[in-house]
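Residues per chain, in single letters:
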Amino acid sequence: MALLTKKDASLILDPLADNNPITIQVLGICSALAITAELKASVVMAISVIFVLGVGNVVISLMRNIIPSKIRIIVQLIVVATLVIIVDQVLKAFAYELSKTLSVFVGLIITNCIIMGRFEAFALGNGPWKSFLDGIGNALGYGVILIIVGFFRELLGSGTLFGYKVLGDPVKMTGLYSTGYENNGFMIIPPAALIVVGIIIWVQRSRNTALIEDN
Amino acid sequence: MSDKRLTFKKRLHILKHRFRGKKMAPAFNAFHTFLFSPDETTHSGSHIRGADDLKRTMNTVIMALVPVLLFSMFNTGYQHYAAIDAANGVARELSLWGNFFTWENLWIGITQVLPLVIVSYGVGLLIEFIFAVIKGHEVEEGYLVTGMLVPLIVPVDTPLWMLSVAVAFGVIIGKEVFGGTGMNILNPALTIRAFLFFAYPTWMSGDKVWVHEAVELAGGPDAISGETVLGYLAQNRGAEMSTAYDTWDMFWGFIPGSVGETSAFLILLGGLFLIFSKIASWRIMVSAVIGSLVMGLIFNGVVDAGWITETSNFYGLMSFEFWKHLIVGGLAFGIVYMATDPVTGSQTNRGKWIYGFLIGFLSVMIRVFNPAYPEGVFLAILLMNVFAPTIDHYVVRGNVARRMKRLKNATIFPKDLDSKEEELKVETA
């Protein structure tokens, strides 16, 4: 027997490509622009969101029948805020430098539209197991884009990956730098992330023309 | 022409027909129409034959750019040798035929500027051809002007690979993603310039990039200075600037700067040529000049009123005579060749006044207030490119509102008033 039914698998797999929260639903753009200058920060951000959204979806799903609908946004906010503070404290305890790089953006996971969006659209109407898969799937879809953007921005902007100088040393002029190559300062600044995300959207929609909206 | 030997044109024509309907057809078509005026005519319907097609428009702009390009080649050489003299402590007096229009200056210019032109056209047209083949439409002439503008707005020693990357970025992200020539929101040449500026700032600003081999010449980075007029002013070194550059030199263009931007005189001639050939909008040019003068006057007024002292960071640029802003840096070049781009600029006449005025106004403002961007022109034009459709929208809405008012006051068709109003609303929605 397969580990997941076909329907359950699609909950995880769909958001990775054809229903990606960033490139298709265009949610969670702010953090995708702000913290993707380095691959490491992108990965940590992706893991944090996977944790928050996965656990959060389960908690909301378990409580879905007892939350009065008038105050559901407040309840959702409290759940996210609790989880985000856990993530923040863990980062501060075990990866202090990194938490400084991510600065306010860990806290701002609270405002990440993807999380509130999944709570509202899925967890309030489905069981815990499905909500868990949906949360993991959407967070993975978000994380994949973050990591792709972070990869290109760090490689082209700083010539490094996870801090390793993969293209040579720009100061000692070794590797690629000996040929006169220079890091692209444009990739460091947030607008570059917008353009990289735009290119991903372009490539994705030209491969699957069904995704193109009519207007 | 003998019957047996085919002319090049004829061969190309046959080649084109052989490829008709095939994947590479747009490439051959483009090559054919680029070199020759096609003799094919439409067979159905009635048509008016206009002489001012896109190709001719583009060629006129290029004609207006040729004097600037030629001058820039001489100036590149002149600045190079002037820097050598300065490094050796030799006083150099400008003499037009003695040491400016000389073969050695031209040679430096050819070896430095022509590669920029070739790379700009090569990379840009290659991408245009690839996109035309992928999309199966004809290659458009849009890149002909962009390809000429790009080498003129970069520092002379810009590495060719950087230029290629920037051109590829500008053509793909600035133009092709929006649907190609005529669809772009931003001016592609300025997109390329902005990309270079933000990606490789050390090659695009400072005092060493404006003169060919400025650093190598002197044997050390501090021995000579190729600081531009605006560079001096941004550092509050107005007095040094005045001794280094004469106002007439600024006007004629014997100063360091981006390749083609230095000669206000030739840009003025090019601008007049474009106005009289009705290619570029005089409204945009005039209003942009007014805009920059107004902003310059405001800054001069602030200095005269004593609201700002010499110790202020902005003093150098603020006290710069308002009209001189037009003859230094890229302001004149931007106004004449970039702001007037018919695709990215405003389309309505009233919109053109607003659009141009704000370009001039913001250019000088960015120049003065942001020392990191001594040249604000490209940013101002790109910003206004984004706002041009909004300006047009409100101009059109304003026009509609005025006419609606007139319609309401008219008594010719009192019965039809409501239906007319509805009709107009539907039309303009």
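All figures in this text were calculated on a predicted structure; none of them were measured in a lab.

**Description of the environment of Ile298(B)**
Phase 1: Mapped onto the elements of the fold, Ile298(B) is located in helix H15 (residues 282–304).
Phase 2: Residues Ile298(B) and Met318(B) lie 20 residues apart in sequence; the distance between their C-alpha atoms is 8.8 Å.

**Side note on the side chain of Thr191(B)**
Phase 1: Residue placement: Thr191(B) occurs in helix H8 (residues 188–199).
Phase 2: A polar atom in the side chain of Thr191(B) sits 2.7 Å from the backbone oxygen of Asn187(B).

**Side note on a positive patch on the surface**
Residue and element names in this part refer to chain B.
Phase 1: Among the surface-exposed residues, Arg350, Arg402, Arg403 and Arg406 lie close enough to one another that they form a single positively charged patch.
Phase 2: Residue contributions to the positive patch peak at three residues, all from helix H19 (residues 377–409).
Phase 3: Here Arg350 is to be found in helix H18 (residues 349–369).

**Topic: the environment of Gly174(B)**
Phase 1: Among the secondary structure elements, Gly174(B) is positioned in helix H7 (residues 160–174).
Phase 2: Not counting chain neighbours up to four residues away, the residues in contact with Gly174(B) comprise Phe169(B), Asn184(B), Leu186(B) and Thr191(B).

**As for unusual backbone geometry**
Phase 1: Although it is not a glycine, Phe162(A) sits at a positive phi angle of roughly 50°.
Phase 2: With respect to the helices, strands and loops of the structure, Phe162(A) is situated in the loop between helix H8 (128–158) and helix H9 (190–207).
Phase 3: Of note in this structure, Lys278(B) is not a glycine but carries a positive phi near 60°.
Phase 4: Mapped onto the elements of the fold, Lys278(B) is located in the loop between helix H14 (264–276) and H15.

**Focus: the domain arrangement of chain B**
Residue and element names in this part refer to chain B.
Phase 1: In terms of domain boundaries, chain B breaks down into domain 1 (8–35) and domain 2 (54–396).
Phase 2: Relative to domain 2, the C-alpha centre of domain 1 lies at a distance of 36 Å.
Phase 3: In this structure, the connection of domain 1 to domain 2 is made through zero salt bridges.
Phase 4: Where domain 1 packs against domain 2, one counts zero residue pairs in polar contact (both at pLDDT 80 or more).
Phase 5: Partitioned by chemical class, the residues of the side of domain 1 that touches domain 2 number five nonpolar, two polar and one charged.

**Some details on the interface of chain B and chain A**
Phase 1: Every contact between the two is made by 13 residues of chain B and, on the other side, 11 residues of chain A.
Phase 2: Where chain B abuts chain A, roughly 900 Å² becomes buried across the two surfaces, and 71% of that area is made up of carbon and sulfur atoms.
Phase 3: Counting across the interface, chain B meets chain A through zero salt bridges.
Phase 4: Remark: the boundary between chain B and chain A carries three residue pairs in polar contact (both at pLDDT 80 or more).
Phase 5: If you list the elements that add at least two residues to the side of chain B that touches chain A, you get H7, H8 and helix H9 (201–204) of chain B.
Phase 6: Considering each element in turn, the side of chain B that touches chain A owes the most residues, five residues, to H7(B).

**Examining the environment of Val150(B)**
Residues and elements named next belong to chain B.
Phase 1: Considering the arrangement of structural elements, one finds Val150 in helix H6 (residues 143–152).
Phase 2: Separated by 30 residues in the primary sequence, Val150 and Ser120 have C-alpha atoms spaced 6.8 Å apart.
Phase 3: With sequence-adjacent residues up to four places away left out, Val150 is seen in contact with Ser120, Leu163, Val167, Ala189 and Ile192.

**A short note on helix H4 (residues 72–94) of chain A**
For an α-helix, the turn length of 3.6 residues means that residues three or four places apart are oriented alike.
All names here are of chain A.
Phase 1: Helix length check: H4, at 23 residues, gives a terminal C-alpha distance of 33 Å against a target of 33 Å (1.5 Å per residue), a fit within 8%.
Phase 2: Where H4 is concerned, the buried positions are Val75, Gln76, Val79, Val80, Leu83, Val84, Val87, Asp88 and Leu91.
Phase 3: Looking at the buried residues of H4, the elements they touch are helix H3 (39–63), helix H5 (96–102), helix H6 (104–107) and helix H7 (113–121).

**Remarks on the packing of aromatic side chains**
For any pair of aromatic rings, geometry is given as the distance between the ring centres together with the angle between the planes.
All names here are of chain B.
Phase 1: Under the defined criterion, the tally for this structure stands at 29 aromatic pairs over all chains.
Phase 2: A centroid spacing of 5.1 Å and a plane angle of 35° characterise the contact between Trp97 and Phe101, whose relative ring orientation is tilted.
Phase 3: For Phe101, a relative accessible area of 28% corresponds to the partly exposed category.
Phase 4: Ring pairs connect the aromatic residues Phe71, Phe74, Tyr78, Trp97, Phe100, Phe101 and Phe254, which therefore count as one cluster.
Phase 5: Sitting above the plane of the Phe378 ring, Arg193 keeps its charged end 5.4 Å from the centroid.

**Points about the packing of helix H5 (residues 103–135) of chain B against H7(B)**
All names here are of chain B.
Phase 1: Taken N-terminus to C-terminus, the directions of H5 and H7 make an angle of 35°; their axes are 9 Å apart at the nearest point. Seen from above, H5 lies across H7 with right-handed handedness. Residues Pro115, Leu116, Val119, Ser120, Val123, Gly124, Ile127, Glu128 and Phe131 of H5 pack against Leu160, Leu163, Ser164, Val167, Ala168, Val171 and Ile172 of H7.

**Here's the deal with the nonpolar core**
Residues and elements named next belong to chain B.
Phase 1: Leu196, Val229, Phe333 and Tyr337 are the most contacted members of the largest nonpolar core, which totals 140 residues.
Phase 2: Counting residues per element, this core draws most heavily on helix H3 (residues 54–87), at 12 residues.
Phase 3: Once residues lying within four places of it in the same chain are set aside, the contact partners of Phe333 are Leu65, Val68, Leu149, Leu152, Ile153, Gly260, Glu261, Ile267 and Met338.

**Notes on the pattern of salt bridges**
Residue and element names in this part refer to chain A.
Phase 1: The tally for this structure, following the rule as stated, stands at six salt bridges over all chains.
Phase 2: The partner of Arg118 in a salt bridge is Asp134, and the shortest N-O contact between them spans 3.0 Å. On the criterion of sequence distance, the pair formed by Arg118 in helix H7 and Asp134 in helix H8 is long-range, its members being 16 residues apart.
Phase 3: Residue Arg118 is classed as buried on the basis of its relative accessible area, which comes to 14%.

**Overview of helix H17 (residues 331–338) of chain B**
Phase 1: With eight of eight residues buried, H17(B) is to be regarded as a mostly interior element.
Phase 2: Within H17(B) the residues assigned to the buried category are Leu331(B), Ala332(B), Phe333(B), Gly334(B), Ile335(B), Val336(B), Tyr337(B) and Met338(B).

**Concerning the side chain of Glu261(B)**
Residues and elements named next belong to chain B.
Phase 1: Inspection of the secondary structure assignment puts Glu261 in the loop between helix H13 (247–252) and H14.
Phase 2: In this structure Glu261 is buried but unpaired, with Arg193 as the nearest side chain of opposite charge at 5.8 Å.
Phase 3: Within polar-contact distance, the side chain of Glu261 engages the backbone nitrogen of Ser258 at 3.2 Å.
Phase 4: Polar contacts involving the side chain of Glu261 include one to the main-chain amide nitrogen of Gly330, which spans 3.5 Å.
Phase 5: Apart from the residues within four sequence positions on either side, Glu261 is in contact with Leu152, Ile267, Gly329, Gly330 and Phe333.

Rules used in this analysis
Residues numbered from 1 in each chain as written. Chains lettered and ligands numbered in written order. Predicted model: local features only at pLDDT ≥ 70, side-chain atom pairs only at ≥ 80, totals over all residues. Heavy atoms only, no water. Helix = DSSP H or I, 4+ residues; strand = E, 2+ residues; numbered from the N terminus. Polar contact = N/O pair within 3.5 Å; in protein donor to acceptor, adjacent residues only side chain to side chain. Patch = residues over 30% accessible without salt bridge, like charges linked within 9 Å, V, L, I, M, F, W, Y side chains within 5 Å. Areas by Shrake-Rupley, 256 points an atom, 1.4 Å probe, with all protein chains shown as cover. Salt bridge = Lys/Arg side-chain N within 4 Å of Asp/Glu carboxyl O. Lys, Arg positive; Asp, Glu negative; His and termini not counted. Charge placed at Lys NZ, Arg CZ, Asp CG, Glu CD. Contact = heavy atoms within 4.5 Å. Domains from an automatic or database assignment. Nonpolar A, V, L, I, M, F, W, Y, C, P; charged D, E, K, R; others polar. Buried area = accessible area lost by both parts, 1.4 Å probe. Expected span 1.5 Å × (residues − 1). Buried < 20%, exposed > 50% of the residue type's maximum accessible area, 1.4 Å probe, protein only. Phe/Tyr/Trp six-rings, centres within 6.5 Å; stacked < 30°, edge-to-face > 60°. Lys NZ or Arg CZ within 6 Å of the ring centre and 35° of its normal. Axes fitted to C-alpha atoms, helices over the stretch in contact; angles between N-to-C directions. Left-handed = near helix turned anticlockwise from the far one by under 90°. Core = buried A, V, L, I, M, F, W, Y, C linked by side-chain atoms within 4.5 Å.

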